[in-house]
Amino acid sequence: MSEMKEMRNENDGVISYELQEFKLFEPLFKWARKKSLWIVAFCTGCGGIEMPPLATARYDFERFGIMPNPAPRMGDLFLITGYVTPKTLKRIIITYEMMQDPKYILAHGSCPINGGVYWDSYNVVKQLDKYIPIDVAIAGCMPRAEAVMDGIMEIMRKIEDGTADGWKRYRENYEYYRKNQDELFGEGWREKDARRWLAWI
Amino acid sequence: MIDWKLVLEVIGILIYATFMGFIFMGIERKAMARIQRRVGPPIYQPIIDTLKLLGKKESVSHGFIYDFGPVFAMGASIAALLFIPIANFQLFSSNADLIVVAYLLEIPMLGIMLGAMSSGNPYSALGVQRGLLTMVAMQLPYGLALIALIQHWGTFKLSEIVALQQTQGWSILVPALFVAMIVFDIVFQAMLGLEPFDIVSAPAEISMGPMVEYGGKHAALLFTQHAIQLFAETAFFAVLFLGGASNLLELLIKQIAVLFIAIFVASIYPRFTIDQAAKFFWKWPTILGIIAVLLTV
Amino acid sequence: MINELMIILFAPLIAGVVAWALDIKGIREAIGIIGAAIPLAYLVKLYPTIIENPIDYSITVSGFTLQFQLNTMSWYFAAVASLVGLAMAFGMAVTSRESYDWLFALMSFTGVLGVFLSQDFVGFFLLWELMTFASFMMVLRRNRHESLKYFVLSVIGAYAMLIAIGMLYAKTGALDFASIRQVLYMDAAMGTITTRETAIIFGLFLTAFGVKAGAVPLHVWAPGAYSETDQSYTAFFSGALSKAGAYGFLLLYILMGYKLYAAFGTFHNHLTFAYIIAWIGAITVVVASFLAVLQEDIRKLFAYSSVGQVGYILLAFGLGSTLGFAGGLFHVLSHAIFKGLFWLVTAAIILQTGKTQFKDMGGLAEKMPFTFAMGLIAVLSLAGIPPMAGFASKWLIYEAAISAHMPLVAGAIFLGSALAFAYVVRFLYAVWFGQRPSDLEDVKEAPLPLLIAMALLAIPNLVFGVAPGLVTQYINKILGGEVVGGDYYKLVTPTGTYNALLVTIALVIGLAIAGLVYIYGAKTRKIPVTNTYQSGNPVTEEFNLSIRRNFYKPLAEALEFWLKYSWDRFYERVAGMAEDFADSLRQAFYNGNVQSYSWYLAIVLLILALWGVL
């Protein structure tokens, strides 16, 4: 039981810390945030296949300073590339909470918006925005690389005018997100999920 | 008492080295992109990245050593830089000894390892293991190359090595030292953490290895450290084998030449596994190194 | 009046006997510490005088004259041993449970001091054996098998030394160092002692001192013996006792150097006999360091590391140049202080956790911060990070090896120091960092005496690191010349310079700049070890997040071919064969048949008759 409590405290740390306010250099950092979006490479669903053309010679997103990065603590941009099952969602939430503020989420395709073709599936999360805050969603099944590029541009624009505030919303409305997550997975799901895998190790 | 000229030089060189180091990192990415027929990021992209990382509003820590590691790494990189004769700026290099600088260039590794280990992440641990094994593997040929150089010039002092090369021609014009240069260049690839020896970070395998738990300002420190280290190491190469330089521009040209060789090699080779790397280092580079030292005895 | 030398020499032994006889908890520790402190106090007191005029003392025991002398060199070795000895005594105050330990630990202390102070072979041999015996008794208490291994090799060494001394006595007619040196010096020109005899004497001494120094292939006793005693004692065992072997090599130079040079000549401009020593050292460094990297037990790791580091000293002495001696002598000090510190840290860990295997440990840095800091100092010093004492000595050895034009030997140092880096980081990772096993939750900081002992050895690591000139200037006095120039902070050799203070300043500048960047960034939030990136999987404390076993498995795979061979197994096999042979002899002859016994008698009588004895 004590460990359960510990888990929750650790999780609460995600929102209870104090954010650093940079006064003098804030505009500079804001510009840098826009120009250097590092993607947490976490490909779910079918949208992952749109990433290679984006990264390679055809569209080359590196010219905007975008770089795939396997470590979430350094990441800024979380791409949800397609439908999300509850099992994936758990990982998404954990990884998202590991990323450091400010952080942004870009959802690909119809599935994270309303379930898309899986709208009546028993095992697909229909509205991702209920569980984690999404900054930009791109409709389409599947959105082409151009559309994704457009979405990224939109994120950049929103960072510039300060409306890409998913990370703020997550902190402010944490109770709401937490309630939805717990409703879907049940209380203490982190603990339970971790224990499920212990038997396999 | 305080030598103000030296203080100004130190500050100037530090700023210059950090800036150029970032530009080198940018060149690395840009050149790789061009080889892969991409446009690539702007050349100052690493500076933006570092600024962004520093501008993160949140920061996590796994304990005191986790914070100390990157600070120590960057401090040691700066210390190493101050002992290398940078063109006509001598800084502390009148006292610089080849062995001391070679060791100082290795300390940042220890700092990164310390921080990575204290994060307790298994990927970090794997990265540490790979990093140290790479070091164990490369140290023998590396040492042999340095020994060949010292034996030929008969001095350990970097400033004297530069002076001798200015009068008697570059090191690489000596056949034995050319062999040593080849060895050093292979080792250099591992020192910079580029393919085929980018076993340490191996992004696709172990999520950046030692860096996996780092983010925000810690990562910014590590990036800055990497920039300074890159500048210091390329300058070290230029000083040892390419005759040093009499002004910053000449040094820059030599550094970029060295860097491009590293980039070209890196962009065509895949990655070794760690035991392959060890076996490789203990085979050809070591044999070449032994030939070089025996030629210069 | 009793001579100071006798007080220095016998204070530990007397204290040990008293502590053993009284055996009252509290008092025996106090007596032991006082007994260990006396030599150091006297040595410090005598420091100003010995440089000008060495102190002599001799006693005559049943026809033999034992001579002792405190000169510049013996002061150096004795001071190193006493420093480590005092630290050992502080450490033993908490780690040792019995008066038995105190008796033999302090007895070996006397033995070591005696070896360094003796000026003739009688005293040297007697005290050498006292030292060996006492340390053997320390091991015997814990582990019979390992102690036997140590015993057998020590006996081989002792016999080798005895025969060598006998041969020298037969040839020179003297037992004191001064006259032996004189005679051999003269003989180098005349050549009455043949090359073959010289080679035998040399080989025997090499065996005798090589056993104590743990040179490959005579190192096999060291890992077992170092690990199977009280760990505070091991600080002394590895820090000071192994130096007796190194001192022996130095003695070989002093006594026989010229003769050996005359007998063997040179090989590619190197003294042949020195070249052999250098290569023994180089092989020891590489083999022992590779084995240290692959160990799974904290004590075994440091035991092999000790063997490897003493290899550096042999290598440095083997270079045959004065710079090499300076480096070797410096390394005697720095190895004693950093390895002594390591063993005390190990003692603290074992005392507080009761574990010795890496797989049972982890995350102790938060629980034992002071011990961790001391361990970190030792790590930095051993890995040769400037500005630490370990770097200064290693730097001198590098300079000496490369200037002596022994490139491959110098290459061995490069490899050895990379390996040293690898195994100390393994120690750091496995013991201090990462996830903490649940049964180590209530581990506490080490007790005060142990912390004092650690501080006693950690401070010299820093002081001699920043001011290596303190040591090298004294070494110059030993070697009688300006071998390493410069001032307190700066070392100058003919080919290079190392300014420790400047390196320190540069590091401080660097750390300050980096620190400013760090402070500017966002405030940190402490998170537990379970909040870690596992590809998004949630983890709890039950998950194993550390690589506890086979940390360097890829290295073991790369070295698979070489690891098939082992000196240890070779000796075991030889021992087994000897046992089998003896067994078959016993079964063949002592078959319990009275008739065959009478036959043996008859044959013996016949042989004797034929020989004409009867």
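Report follows, based on the coordinates. As the structure is a computational prediction, the values presented were derived from the model and not from experiment.

## With respect to the nonpolar core
Right, so step 1: Counting 411 residues, the largest nonpolar core has Phe205, Phe427 and Trp432 of chain C as the members making the most contacts within it.
Right, so step 2: Among the elements that take part in this core, helix α16 (residues 407–432) of chain C stands out by supplying 20 residues, more than any other.
Right, so step 3: Those residues within four positions of phenylalanine 427 of chain C in sequence are excluded, and the remaining contacts are Ile298, Phe302, Phe342, Val345, Ile349, Phe358, Val379 and Trp432 of chain C.
Right, so step 4: In this structure, Ala194 of chain A together with Val539, Phe543 and Leu545 of chain C belong to the second largest nonpolar core, which totals 5 residues.

## Describing the environment of isoleucine 475 of chain C
Residues and elements named next belong to chain C.
Right, so step 1: With respect to the element layout, isoleucine 475 can be found in helix α18 (residues 469–479).
Right, so step 2: Look at isoleucine 475 and you get buried, because its relative accessible area is 1%.
Right, so step 3: When the C-alpha atoms of isoleucine 475 and phenylalanine 330 are compared, they prove to be 7.7 Å apart, with 145 residues separating the residues in sequence.
Right, so step 4: Beyond its immediate sequence surroundings of up to four residues, isoleucine 475 is in contact with Tyr76, Ala326, Leu329 and Phe330.

## Concerning unusual backbone geometry
Right, so step 1: A cis amide bond links aspartate 101 of chain A to the next residue, proline 102 of chain A, at an omega of -10 degrees.
Right, so step 2: Here proline 102 of chain A shows up in the loop between α4 (86–98) and β4 (104–108).
Right, so step 3: The peptide bond linking cysteine 141 of chain A to methionine 142 of chain A adopts the cis configuration, its omega dihedral lying at -10 degrees.
Right, so step 4: Structurally, the position occupied by methionine 142 of chain A is in the loop between β5 (136–138) and α6 (145–161).
Right, so step 5: The phi dihedral of aspartate 60 of chain A falls on the positive side, at around 40 degrees, and the residue is not glycine.
Right, so step 6: Counting through the fold element by element, aspartate 60 of chain A comes out in the loop between α3 (51–55) and β2 (67–69).
Right, so step 7: Residue classification places aspartate 60 of chain A among the buried positions, given a relative accessible area of 1%.
Right, so step 8: Of note, histidine 405 of chain C is a non-glycine position whose phi angle comes to about 60 degrees, a positive value.
Right, so step 9: On the accessibility criterion, histidine 405 of chain C (33% relative accessible area) is partly exposed.

Calculation notes
Starting from 1, residues in each chain are numbered consecutively following that chain's sequence as written. Chain A is the first chain written and ligand 1 is the first ligand written, with later ones labelled in order. It should be noted that, the model being predicted, local features are given only for residues of pLDDT at least 70 and side-chain atom pairs only at 80 or more, the latter also being counted only at that level, while totals for whole chains, interfaces and linings use all residues. Neither water nor hydrogens contribute to the side-chain values; these are computed over all heavy atoms in the structure. What is meant by a nonpolar core is a set of buried Ala, Val, Leu, Ile, Met, Phe, Trp, Tyr and Cys residues, joined one to another through side-chain atoms within 4.5 Å. A simple rule labels every residue: compare its accessible area, found with a 1.4 Å probe on the protein chains alone, to the largest value its type can have, and call it buried under 20%, exposed over 50%, or partly exposed in between. Under the DSSP-based scheme used, a helix requires at least four consecutive residues in state H or I and a strand at least two consecutive residues in state E, with every element numbered from the N terminus. Here a residue-residue contact requires only that any non-hydrogen atoms of the pair lie within 4.5 Å.

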